[in-house]
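What follows is each chain in one-letter form.
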Amino acid sequence: MKDMMKSKRFSGKSFAWLTFILSLLSLAAALPAVSFAEWNTSTIDSTGNVGSFTSIAEDSNGKTHIGYLDEDNNDLKYATNASGSWTASTIDSSGNVGTFTSIAIDSNNKAHISYYDGYPNYDLKYATNASGEWITSVIDGRSSGDSSSIAIDSNNNVHISYYAEYPDYDLNYATNASGDWVTSTLDSAGNVGFYASIVVNSTNNIHISYYDWSNGDLKYATNIIWTPVSGTWAMENDEYSGTDTAGPFGISLLNNAQTSGSMMIESDLFSRPDGTYLNGLIIFDYNGPNDFKYAAAKDGANLWVIGYSNGDGSWHDIASFSENIDTSRWYRMRVEISGNTVNLYVDDDRDGSGFVFKAGADFSSMGTGQIGLGVRWSHAHFDNFSFGTLPSDAGCSSSDVLCVPAEHSTIQSAVDAALDGDAVRIAQGTYYESINIAKGGAITLEGGWDFTTGDRSDDPALTIIDGSGTERVFYIDPADADLDLTIKGLTIQNGSKAYGDGQPAYNIGSGLLAINNNPYRITLTLLDNVIKNNLTTGYYADAAVAIMAKQENITAVLRGNEIHNNHADADSGGVLLINYTDGKVFDVTMDGNNIHDNTSSFGAGVMLFSDGRQSNPAHVNANIVNNIISNNYAEDCFANADFGGPAYGGGLSVITRRENTADIILEGNMISGNQAVTGAGLFLGVQHWSGCTGPCDARTTLNSSNNTITGNEVPSACSAYANVSNGGGVSINIDPDMAQTSDFNFNGDVISGNGLYDLILEADNRSQAIISISGTGIDELHQYGSRSYDVLCPENGNPLYYRPCILTYTGVLIPD
């Protein structure tokens, strides 16, 4: 019974497997045929017993090179298909040669072969066709050459590891890197060095694996070795430490690591508090104790420095950056060398993700001396030391790209060297400069670059130009040709311009002033910048950003900038745009900017003037769209003595004077939370000003649509001046006897909640203004208790007193 059951179970299992196999066959039949590449084998050399001890390499053209032994003749042979077909030749037939063959190809596609000359010579031999013909030589004749392995470095120097036989039984190494062949023993602890294999990495450091016959172990050797030159060096807590108590410097060098004209050196640093001083150095171009260069932390002096030593025991700093250095933490330092230019970056977080530029210097020359670490009268720990070739130059090698500080240590020096069409690329970091652009041409200044990765960040906080509270940051005045300048992705901060301080041009524009004192056009684009904490003081002290057309046309584009926390004693803490020419045009585009928390006596956020002095009128075209203009504060209550009235313009002011004109498009803006006695949100003025008697021809045309003007108000400190002539939202002021009629068109705007009044018109019947209002919400457009309408105009003939007006939605606003 058991047998029957067993048979049934087996039969059922067999049937299941059969069903499974048939289903697989069916599936396979339904699938498309798949072809697999086949190995191609061929005979290269069949002339006798050939092909043992083979070694193969490929050149940059994809051609193959093979070294091998002809056992019948005990010769070294070589085969290659470099010509397009395989050829084989005997390279060395002088003795018992060709075993333990190893081949490498250099950057010129030339072959280098190490091999063993056995009984009776027992030599390490070397063959190469680098000169165009095969040349063989003995490298080591001390009973050596077994288990040879060869490698070529980036300078086409040759490196060979091999086994030294009786009586040494050592791992040996040979190289011609110095120009002559030099051999040395690397390991003699037992019977070591058999089956050696060598490789050279991208920084030309040597790595060798080999067999320890005595212990049956795999061993490894490298020339990345620290060699103390002075001071005391040791491993502490798995970190390399240096202590220098005798001075002037304690130095440890990394063997066979040399300075190059394009390299990056990094190390973590922690200065210990038990030294006389607190510091740590990365050493480069070391040629002796009297000749080396360094980048260092002077923790005690709170300085990051770049300099050199000439052996007198003193620091010779040629560049430095001052900041508080925390002596209780690790920092990561990075030194970038490009030609003769050296830049120091520091990562406060030690993780390699937040390097910030600290200092840059240009040396008169840069050699190929060794690299290492150092201390001076100090005790410091170092960790994670690394070096290599700069991985990217972010286009710095291009003829039309100038890099700061990779090629030029300062932005000013790069600007001075820039030609028409050039781009100045600025690495992330902080630069303490005052930059004067006095040339023409098309030039771009662009921040946010990381030259180690070749990438750019559009975050302006990563690239800062700081005026140190003593200098204007940018002064732009082309003296030789028209200028097309783009400034992108920078933080422009701490600029200062004081009356009578001797800086060029007017007492305006502490962060940036662009002006054409010469008859050259300017096209200026400010894109995605942060402009903050700039201060303009004293008489005629205007604006953090000032752009003034004085002798020729200007086109200005401000897009995506944040302009905040700036102060001017007079006009416009934020932005001043002024056409001051005779008959020229100033074209302005402001798009997507955030202008907030700026202060001045009047016109705190943005002030736009059409203000030419001559009878040939100047004109302004302005497109102001999609901006946020908020929380700006015109802080004086009665600052506008020339105008004869209270301080005006908290958010945006547009003013035309004398015989000049302006056409303004105002669309999609948020103007809120600003403060001024008159026109806290928007002030529109058409003024006589000096030099205009009788009827004047100043005119403003405003087309306003889809703006929100809300929450603007008279400052509480100026409540004594808060009467019916003041407007929290929009104030339109037209001097008497204007020959042209100004047009103000509001369509789809929201003008509400603006303190005393939302819209005020100051004009008499000698200066008519056409106001068209369509689809616009104006709060309190009705009698409010005993107060007047929120849209007001003056009583005929007496601009200081007001009465209710009849508002028509299209046409002339006529006193009731």
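Residues numbered from 1 in each chain as written. Predicted model: local features only at pLDDT ≥ 70, side-chain atom pairs only at ≥ 80, totals over all residues. Heavy atoms only, no water.

> An account of the overall build of the protein chain is needed here, citing residue identities and associated values.
The helix and strand tally for the protein chain stands at two helices and 71 strands. Long-range contacts, defined here as pairs at least 24 residues apart, represent 66% of the contacts in the protein chain between residues at least 6 apart. For the protein chain, the computed accessible surface area is about 33,900 Å², with 49% contributed by carbon and sulfur atoms. (Helix = DSSP H or I, 4+ residues; strand = E, 2+ residues; numbered from the N terminus. Contact = heavy atoms within 4.5 Å. Areas by Shrake-Rupley, 256 points an atom, 1.4 Å probe, with all protein chains shown as cover.)

> Any chance you could break down the packing of aromatic side chains for me, citing the residues and the numbers?
Throughout the structure, instances matching the rule amount to 28 aromatic pairs. Measuring from ring centre to ring centre gives 6.3 Å for Tyr119 and Tyr122, while their planes differ by 70 degrees; the resulting arrangement is edge-to-face. Judged by relative accessible area, which is 59%, Tyr119 ranks as exposed. Connected via pairs of aromatic rings, a cluster forms that spans Phe53, Phe100, Tyr116, Tyr163, Phe194, Tyr195, Tyr211 and Trp213. A cation over an aromatic ring shows up here: Arg272 above the ring of Phe270, its NZ or CZ 4.1 Å from the ring centre. If you follow Arg376 out to its NZ or CZ, it ends over the ring of Phe249, 5.9 Å from the centre. (Phe/Tyr/Trp six-rings, centres within 6.5 Å; stacked < 30°, edge-to-face > 60°. Buried < 20%, exposed > 50% of the residue type's maximum accessible area, 1.4 Å probe, protein only. Lys NZ or Arg CZ within 6 Å of the ring centre and 35° of its normal.)

> Describe the sheet that holds strand S3 (residues 75-80), with residues and values.
Read from one edge of the open sheet, four strands run S1-S2-S3-S4, paired in antiparallel fashion. Both edges of this open sheet fall to strand S1 (50-58) and strand S4 (87-92), since each of them pairs with a single strand only. Pairwise comparison of adjacent strand axes, ignoring direction, gives a mean angle of 25 degrees for this sheet. (Pairing = 2+ DSSP bridges. Axes fitted to C-alpha atoms, helices over the stretch in contact; angles between N-to-C directions.)

> Which residues make up the nonpolar core, and what are the values?
Counting residues in hydrophobic clusters, the biggest one holds 79 residues, and the most contacted among them are Phe474 and Ile547. For this core, the leading source of residues is strand S30 (residues 401-404), giving four residues. In contact with Phe474, not counting residues within four places along its chain, are Ile435, Ile437, Leu445, Ile465, Ile487, Leu490, Ile492, Gly511, Leu512 and Leu513. (Core = buried A, V, L, I, M, F, W, Y, C linked by side-chain atoms within 4.5 Å.)

> Describe the confidence of the model for the protein chain, naming the residues involved and giving the relevant values.
Per-chain confidence: the protein chain averages 83 in pLDDT, with 83% of residues scoring 70 or above. pLDDT under 50 marks residues 640-644. Its contacts with residues more than four places away, or in other chains, come to 10 contacts. (pLDDT = per-residue confidence, 0-100.)

> An account of the pattern of salt bridges is requested, with residue identities and associated values reported.
Within the structure shown, the criterion is met by 19 salt bridges. A salt bridge links Arg332 to Glu266; its shortest N-O distance comes to 2.9 Å. You can see Arg332 sitting in strand S25 (residues 331-338) and its partner Glu266 sitting in strand S20 (residues 262-271), a full 66 residues away along the chain. One salt bridge connects Arg699 with Asp663, and the closest N-O pair in it is separated by 3.1 Å. (Salt bridge = Lys/Arg side-chain N within 4 Å of Asp/Glu carboxyl O.)

> Give a description of the sheet that holds strand S8 (residues 135-140) that names residues and reports values.
Taken together, four strands build an open sheet; the order of strands is S5-S6-S7-S8 and the sheet is antiparallel. Each having just a single partner strand, strand S5 (97-105) and S8 make up the two edges of the open sheet. Along the sheet, successive strands turn relative to each other by an average axial angle of 25 degrees, direction set aside.

> For unusual backbone geometry, give the residues involved together with the corresponding values.
Cis rather than trans, the peptide bond between Tyr119 and Pro120 has omega equal to 5 degrees. Within the fold, Pro120 resides in the loop between strand S6 (111-117) and strand S7 (123-128). Pro405 follows Val404 through a cis peptide bond whose omega is 0 degrees. With respect to the element layout, Pro405 can be found in the loop between S30 and helix H2 (411-417).

> How would you sum up the pairing of strand S22 (residues 291-298)? Please name residues and give values.
The element S22 is extensively covered by neighbouring structure, given that seven of its eight residues are classed as buried. Hairpin connection from strand S21 (residues 279-288) to S22: two residues lie between these consecutive antiparallel strands. Bridging between S22 and strand S23 (residues 303-309) involves seven bridges; their strand directions are antiparallel. In the strand pairing of S23, Lys298 is matched with Leu303.

> Which residues make up the side chain of Asn712, and what values go with them?
Tracing the backbone through its elements, the reader meets Asn712 in the loop between strand S62 (708-710) and strand S63 (730-734). Judged by relative accessible area, which is 0%, Asn712 ranks as buried. Here the side chain of Asn712 touches Asn674 through a polar contact of 2.9 Å, landing on its backbone nitrogen. Excluding anything up to four places from it in sequence, Asn712 contacts Ile671, Ser672, Gly673, Asn674, Ala680, Gly681, Gly728, Gly753, Asn754 and Gly755. (Polar contact = N/O pair within 3.5 Å; in protein donor to acceptor, adjacent residues only side chain to side chain.)

> Kindly report on the pairing of strand S12 (residues 182-187), identifying the contributing residues and their values.
Of the strand pairs in this sheet, strand S11 (residues 170-175) and S12 are connected by five bridges, and their pairing is antiparallel. The partner of Thr175 across the bridge, within S12, is Val182.

> Can you break down the environment of Asn340 residue by residue, with the values?
For Asn340, the position within the fold is in the loop between S25 and strand S26 (341-347). Note on Asn340: relative accessible area 32%, which makes it partly exposed. In this structure, the C-alpha to C-alpha distance between Asn340 and Ser364, residues 24 residues apart in sequence, is 6.7 Å. Looking at Asn340, its side chain comes within polar contact range of the main-chain nitrogen of Met366, at 3.1 Å.

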